[in-house]
Amino acid sequence: MGSVLSLSVNNATSRQRRKAEEEDDDDLLDSRDRVEDIAKFPYVEFTGQDSITCPTCQGTGCIPTEQVNELVALIPYSDQRLRPQRTKLYVLLSVLLCLLISGLVVFFLFPHSVLVEDDGIKVVQVWFDKKNSVVILAITATLRIRNSNFYSVTVTSLTSQVQYMNTVVGTQQITNVSSIQPLSDKLVNFTVKAELGGPFSYVYFFCTFPKVKVHNIVIFMRTSVKLLYIGHVTQSALETYHYVDCSTNSTAAPDPLPLPPPSTRGAAKAKP
(Lines give C-alpha, C1' and ligand atoms only; values in the text may rest on other atoms or scores of the structure.)
Protein backbone atom coordinates (compact mmCIF):
# COMPACT_ATOMS: atom_id res chain seq x y z
CA MET A 1 0.00 0.00 0.00
CA GLY A 2 2.82 2.40 0.92
CA SER A 3 4.80 1.66 -2.23
CA VAL A 4 1.83 2.40 -4.42
CA LEU A 5 1.35 5.85 -2.79
CA SER A 6 5.01 6.79 -3.17
CA LEU A 7 5.01 5.79 -6.82
CA SER A 8 1.97 7.88 -7.52
CA VAL A 9 3.53 10.87 -5.74
CA ASN A 10 6.72 10.57 -7.77
CA ASN A 11 4.76 10.40 -10.99
CA ALA A 12 2.82 13.51 -10.06
CA THR A 13 6.03 15.40 -9.19
CA SER A 14 7.70 14.45 -12.45
CA ARG A 15 4.63 15.48 -14.41
CA GLN A 16 4.62 18.89 -12.68
CA ARG A 17 8.31 19.37 -13.32
CA ARG A 18 7.92 18.43 -16.96
CA LYS A 19 5.00 20.79 -17.26
CA ALA A 20 7.00 23.65 -15.71
CA GLU A 21 9.88 23.09 -18.13
CA GLU A 22 7.50 23.11 -21.06
CA GLU A 23 6.00 26.39 -19.81
CA ASP A 24 9.51 27.91 -19.53
CA ASP A 25 10.31 26.80 -23.05
CA ASP A 26 7.09 28.32 -24.28
CA ASP A 27 7.84 31.62 -22.48
CA LEU A 28 11.33 31.72 -24.02
CA LEU A 29 9.93 31.07 -27.46
CA ASP A 30 7.25 33.71 -26.92
CA SER A 31 9.88 36.31 -25.84
CA ARG A 32 12.01 35.54 -28.89
CA ASP A 33 9.00 35.85 -31.11
CA ARG A 34 8.16 39.21 -29.57
CA VAL A 35 11.71 40.51 -30.15
CA GLU A 36 11.60 39.41 -33.75
CA ASP A 37 8.19 40.97 -34.21
CA ILE A 38 9.37 44.26 -32.68
CA ALA A 39 12.43 44.27 -34.91
CA LYS A 40 10.18 44.11 -37.96
CA PHE A 41 8.56 47.44 -37.06
CA PRO A 42 10.43 50.81 -37.50
CA TYR A 43 11.43 52.85 -34.51
CA VAL A 44 8.84 55.45 -33.63
CA GLU A 45 9.69 58.33 -31.32
CA PHE A 46 6.77 59.71 -29.40
CA THR A 47 7.44 63.40 -28.91
CA GLY A 48 5.46 65.46 -26.55
CA GLN A 49 5.46 69.07 -25.57
CA ASP A 50 8.73 68.75 -23.65
CA SER A 51 10.70 66.74 -26.19
CA ILE A 52 11.96 67.08 -29.77
CA THR A 53 12.84 64.69 -32.54
CA CYS A 54 16.46 63.48 -32.50
CA PRO A 55 18.29 65.52 -35.18
CA THR A 56 20.76 62.70 -35.81
CA CYS A 57 18.50 59.78 -36.61
CA GLN A 58 15.41 61.89 -37.44
CA GLY A 59 13.30 59.68 -35.18
CA THR A 60 14.22 56.40 -36.91
CA GLY A 61 16.27 55.08 -34.00
CA CYS A 62 19.25 54.16 -36.19
CA ILE A 63 21.99 55.88 -38.15
CA PRO A 64 23.59 55.00 -41.51
CA THR A 65 26.63 52.75 -41.31
CA GLU A 66 28.85 55.23 -43.17
CA GLN A 67 28.24 57.82 -40.41
CA VAL A 68 29.37 55.65 -37.52
CA ASN A 69 32.83 57.24 -37.38
CA GLU A 70 31.50 60.77 -37.93
CA LEU A 71 29.00 61.04 -35.07
CA VAL A 72 29.58 61.35 -31.36
CA ALA A 73 27.42 60.46 -28.42
CA LEU A 74 24.67 62.82 -27.41
CA ILE A 75 25.86 64.45 -24.19
CA PRO A 76 23.70 66.72 -22.00
CA TYR A 77 24.59 70.37 -22.08
CA SER A 78 25.12 70.38 -18.31
CA ASP A 79 27.64 67.55 -18.50
CA GLN A 80 30.90 68.40 -16.72
CA ARG A 81 32.94 67.14 -19.65
CA LEU A 82 31.61 69.92 -21.86
CA ARG A 83 32.81 72.66 -19.53
CA PRO A 84 36.13 74.18 -20.68
CA GLN A 85 39.04 73.62 -18.37
CA ARG A 86 41.63 76.36 -17.60
CA THR A 87 40.17 78.67 -20.21
CA LYS A 88 41.60 81.83 -18.67
CA LEU A 89 45.08 80.31 -18.49
CA TYR A 90 45.00 79.26 -22.13
CA VAL A 91 43.73 82.67 -23.23
CA LEU A 92 46.44 84.44 -21.22
CA LEU A 93 49.16 82.21 -22.64
CA SER A 94 47.87 82.79 -26.17
CA VAL A 95 47.88 86.57 -25.70
CA LEU A 96 51.40 86.52 -24.26
CA LEU A 97 52.62 84.33 -27.10
CA CYS A 98 51.11 86.65 -29.70
CA LEU A 99 52.70 89.67 -28.02
CA LEU A 100 56.08 87.93 -27.93
CA ILE A 101 55.92 86.98 -31.59
CA SER A 102 54.79 90.49 -32.57
CA GLY A 103 57.63 92.04 -30.56
CA LEU A 104 60.21 89.78 -32.20
CA VAL A 105 58.86 90.54 -35.67
CA VAL A 106 58.96 94.28 -35.01
CA PHE A 107 62.46 94.05 -33.51
CA PHE A 108 63.94 92.12 -36.42
CA LEU A 109 62.08 93.85 -39.27
CA PHE A 110 61.91 97.43 -37.99
CA PRO A 111 64.43 99.52 -40.00
CA HIS A 112 67.52 100.46 -38.00
CA SER A 113 69.99 103.17 -38.87
CA VAL A 114 72.54 102.68 -41.65
CA LEU A 115 75.61 104.81 -40.95
CA VAL A 116 77.68 106.23 -43.79
CA GLU A 117 81.12 107.49 -42.73
CA ASP A 118 83.94 109.05 -44.67
CA ASP A 119 87.08 106.89 -44.64
CA GLY A 120 89.33 109.45 -46.29
CA ILE A 121 91.05 109.85 -49.66
CA LYS A 122 93.22 106.86 -50.59
CA VAL A 123 94.71 107.73 -53.99
CA VAL A 124 95.24 111.00 -55.88
CA GLN A 125 96.50 110.94 -59.46
CA VAL A 126 97.64 114.20 -61.03
CA TRP A 127 97.98 115.23 -64.69
CA PHE A 128 99.09 118.61 -66.05
CA ASP A 129 97.81 120.20 -69.23
CA LYS A 130 100.63 122.68 -69.87
CA LYS A 131 99.01 124.12 -72.98
CA ASN A 132 95.76 125.07 -71.25
CA SER A 133 97.24 125.47 -67.75
CA VAL A 134 94.89 122.87 -66.32
CA VAL A 135 95.42 120.51 -63.39
CA ILE A 136 93.52 117.23 -63.64
CA LEU A 137 92.95 115.24 -60.47
CA ALA A 138 91.62 111.72 -60.17
CA ILE A 139 90.60 111.43 -56.52
CA THR A 140 89.80 107.98 -55.12
CA ALA A 141 87.92 108.19 -51.83
CA THR A 142 86.41 105.57 -49.54
CA LEU A 143 83.17 105.36 -47.61
CA ARG A 144 82.48 103.01 -44.72
CA ILE A 145 78.85 101.88 -44.58
CA ARG A 146 77.62 100.17 -41.41
CA ASN A 147 74.45 98.05 -41.56
CA SER A 148 72.74 97.60 -38.18
CA ASN A 149 69.76 95.72 -39.58
CA PHE A 150 69.04 91.99 -39.60
CA TYR A 151 68.71 92.00 -43.39
CA SER A 152 70.83 93.11 -46.34
CA VAL A 153 71.00 96.72 -47.49
CA THR A 154 71.62 97.64 -51.12
CA VAL A 155 73.53 100.76 -52.12
CA THR A 156 71.56 101.73 -55.22
CA SER A 157 73.48 104.86 -56.18
CA LEU A 158 76.40 107.04 -55.12
CA THR A 159 76.86 110.63 -56.22
CA SER A 160 79.97 112.67 -55.37
CA GLN A 161 80.78 116.27 -56.12
CA VAL A 162 84.13 118.04 -55.79
CA GLN A 163 84.24 121.79 -55.22
CA TYR A 164 87.10 124.22 -55.19
CA MET A 165 86.51 127.76 -53.96
CA ASN A 166 82.74 127.10 -53.97
CA THR A 167 82.84 126.04 -57.62
CA VAL A 168 82.03 122.55 -58.83
CA VAL A 169 85.09 121.15 -60.61
CA GLY A 170 84.09 117.48 -60.85
CA THR A 171 81.19 115.08 -60.37
CA GLN A 172 80.72 111.32 -60.41
CA GLN A 173 77.64 109.10 -60.18
CA ILE A 174 77.63 105.30 -59.75
CA THR A 175 74.61 102.96 -59.74
CA ASN A 176 74.21 99.47 -58.28
CA VAL A 177 77.20 100.05 -56.09
CA SER A 178 77.18 97.23 -53.56
CA SER A 179 75.20 95.18 -51.05
CA ILE A 180 75.86 95.29 -47.31
CA GLN A 181 75.29 92.07 -45.36
CA PRO A 182 73.28 92.11 -42.10
CA LEU A 183 75.06 93.42 -39.01
CA SER A 184 78.25 94.23 -40.90
CA ASP A 185 80.13 97.10 -42.50
CA LYS A 186 81.78 97.49 -45.89
CA LEU A 187 84.21 99.84 -47.55
CA VAL A 188 83.03 101.38 -50.83
CA ASN A 189 85.60 103.03 -53.11
CA PHE A 190 84.79 105.58 -55.80
CA THR A 191 86.81 107.91 -58.04
CA VAL A 192 85.97 111.50 -58.95
CA LYS A 193 87.74 113.36 -61.73
CA ALA A 194 88.27 117.08 -61.13
CA GLU A 195 89.69 119.68 -63.53
CA LEU A 196 91.16 122.93 -62.24
CA GLY A 197 91.56 125.39 -65.13
CA GLY A 198 90.11 128.55 -66.61
CA PRO A 199 89.59 130.91 -63.68
CA PHE A 200 91.69 128.53 -61.56
CA SER A 201 94.66 128.45 -63.93
CA TYR A 202 96.80 129.86 -61.12
CA VAL A 203 96.48 126.45 -59.46
CA TYR A 204 98.57 125.04 -62.31
CA PHE A 205 101.41 127.45 -61.61
CA PHE A 206 101.12 126.81 -57.87
CA CYS A 207 101.25 123.03 -58.26
CA THR A 208 104.18 123.16 -60.72
CA PHE A 209 106.21 125.87 -59.02
CA PRO A 210 109.42 124.09 -58.02
CA LYS A 211 110.42 126.43 -55.22
CA VAL A 212 107.27 125.57 -53.24
CA LYS A 213 107.88 122.40 -51.22
CA VAL A 214 104.28 121.78 -50.19
CA HIS A 215 101.64 121.87 -52.91
CA ASN A 216 98.49 121.23 -50.90
CA ILE A 217 95.15 122.62 -51.95
CA VAL A 218 91.85 122.36 -50.10
CA ILE A 219 88.87 120.73 -51.81
CA PHE A 220 85.34 120.24 -50.59
CA MET A 221 83.55 116.93 -51.28
CA ARG A 222 79.80 116.41 -51.04
CA THR A 223 78.79 112.74 -51.31
CA SER A 224 75.24 111.38 -51.37
CA VAL A 225 74.33 107.70 -50.99
CA LYS A 226 70.93 106.10 -51.65
CA LEU A 227 70.11 102.94 -49.70
CA LEU A 228 67.36 100.39 -50.30
CA TYR A 229 66.09 97.80 -47.80
CA ILE A 230 62.73 95.96 -47.55
CA GLY A 231 61.19 98.39 -50.02
CA HIS A 232 62.34 101.44 -48.05
CA VAL A 233 64.61 104.04 -49.68
CA THR A 234 66.77 106.39 -47.63
CA GLN A 235 69.45 108.88 -48.51
CA SER A 236 72.54 109.85 -46.56
CA ALA A 237 74.84 112.78 -47.33
CA LEU A 238 78.39 113.58 -46.28
CA GLU A 239 80.28 116.86 -46.59
CA THR A 240 84.02 116.95 -45.87
CA TYR A 241 87.09 119.07 -46.55
CA HIS A 242 90.34 117.46 -47.64
CA TYR A 243 93.94 118.45 -48.29
CA VAL A 244 95.18 117.27 -51.68
CA ASP A 245 98.78 117.32 -52.88
CA CYS A 246 98.56 118.50 -56.47
CA SER A 247 102.26 118.27 -57.34
CA THR A 248 102.68 114.50 -57.79
CA ASN A 249 100.68 111.30 -57.56
CA SER A 250 100.04 110.14 -54.01
CA THR A 251 98.60 107.05 -52.38
CA ALA A 252 97.88 108.55 -48.97
CA ALA A 253 96.24 111.87 -48.26
CA PRO A 254 96.74 114.07 -45.19
CA ASP A 255 94.03 114.34 -42.59
CA PRO A 256 90.91 116.10 -43.85
CA LEU A 257 90.13 119.53 -42.57
CA PRO A 258 87.29 119.86 -40.04
CA LEU A 259 84.08 121.43 -41.21
CA PRO A 260 83.51 125.09 -40.44
CA PRO A 261 81.51 125.83 -37.24
CA PRO A 262 78.13 126.34 -38.97
CA SER A 263 78.10 122.73 -40.15
CA THR A 264 75.70 121.93 -42.91
CA ARG A 265 73.18 119.08 -42.93
CA GLY A 266 74.65 115.61 -43.36
CA ALA A 267 78.24 116.67 -42.52
CA ALA A 268 80.46 113.97 -41.03
CA LYS A 269 83.99 113.77 -39.68
CA ALA A 270 86.47 111.89 -41.83
CA LYS A 271 88.49 109.07 -40.33
CA PRO A 272 92.20 109.94 -39.86
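As shown above, the structure is provided for reference.
Residues numbered from 1 in each chain as written. Predicted model: local features only at pLDDT ≥ 70, side-chain atom pairs only at ≥ 80, totals over all residues. Heavy atoms only, no water.

**Here's the deal with the overall build of the protein chain**
Within the protein chain one finds three helices and seven strands. For the protein chain, the N- to C-terminal ordering of α and β elements is α-α-β-β-β-β-β-α-β-β. Here the protein chain, with 272 residues, has 26% of them falling under the buried criterion. Restricting the contact set of the protein chain to residue pairs at least 6 apart, pairs at least 24 apart contribute 65%. (Helix = DSSP H or I, 4+ residues; strand = E, 2+ residues; numbered from the N terminus. Buried < 20%, exposed > 50% of the residue type's maximum accessible area, 1.4 Å probe, protein only. Contact = heavy atoms within 4.5 Å.)

**Section: the sheet that holds strand β7 (residues 232-245)**
The four strands lie next to each other as β4-β3-β6-β7, forming an open sheet whose pairing is antiparallel. Across the chains shown, the open sheet's two edge strands, defined by having one partner strand only, are β4 (167-180) and β7. Going across the sheet, the axis of each strand differs from the next one's by a mean of 15 degrees, ignoring polarity. Direction of pairing for strand β3 (residues 153-164) relative to β4: antiparallel, over a ladder of eleven bridges. Note that in β4 the partner of serine 160 across the bridge is glutamine 172. (Pairing = 2+ DSSP bridges. Axes fitted to C-alpha atoms, helices over the stretch in contact; angles between N-to-C directions.)

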